[in-house]
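Per-entry structural report
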Amino acid sequence: FPKMNNTIYLIQTSFASTASALNKVQQVFVEGDQIVIMGEALSALTSENMRSFQSYYCLNNERTLLNPDLSSAIIPLDYSAFADLVLQYKRSVTFK
């Protein structure tokens, strides 16, 4: 069943735009929302900008883009698990 009042945020921004996108999400994020960091945005994550949220997801095949020091702080998903996660939410917001 979709999580009626929650949102999944898909962050697919360029390296330079990632911090700004995370800042925007932080302003509207509520408990029960989730964040998936994708592509180049993974390489822009720092321990500082990750402190804002309890958990993050990424695609398993993109983990190599992530700073190895941060790998324990992010939950990897295969494509099937990613699809399952997205389908749990009625509302999806993408930052590109």
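Our structure's up above, just so we're on the same page.
Conventions adopted
Residues numbered from 1 in each chain as written. Predicted model: local features only at pLDDT ≥ 70, side-chain atom pairs only at ≥ 80, totals over all residues. Heavy atoms only, no water. Helix = DSSP H or I, 4+ residues; strand = E, 2+ residues; numbered from the N terminus. Contact = heavy atoms within 4.5 Å. Polar contact = N/O pair within 3.5 Å; in protein donor to acceptor, adjacent residues only side chain to side chain. Pairing = 2+ DSSP bridges. Right-handed = clockwise from strand over helix to strand, strands pointing away.

1. Remarks on the environment of Asp 33
Along the chain, Asp 33 falls in the loop between helix H1 (18-28) and strand S2 (34-37). When the C-alpha positions of Asp 33 and Asn 5 are compared, they lie 8.7 Å apart, and in sequence the two are 28 residues distant. Look past the residues within four positions of Asp 33 in its chain and what remains in contact with it is Asn 6, Thr 7, Tyr 9, Val 28 and Tyr 89. A distance of 3.0 Å separates a polar side-chain atom of Asp 33 from the backbone nitrogen of Val 30.

2. Here's the deal with the pairing of strand S1 (residues 3-11)
Summarising the sheet, S1 and strand S5 (residues 89-95) pair through 6 bridges and their orientation is parallel. From the neighbouring strand, Thr 7 faces S5, where its bridge partner is Arg 91. Pairing geometry for S1 and S2, over 4 bridges, is parallel. Bridge assignment links Ile 8 to a residue of S2, and that residue is Gln 34. Taking the sense of rotation as the criterion, the β-α-β connection linking S1, H1 and S2 turns out right-handed.

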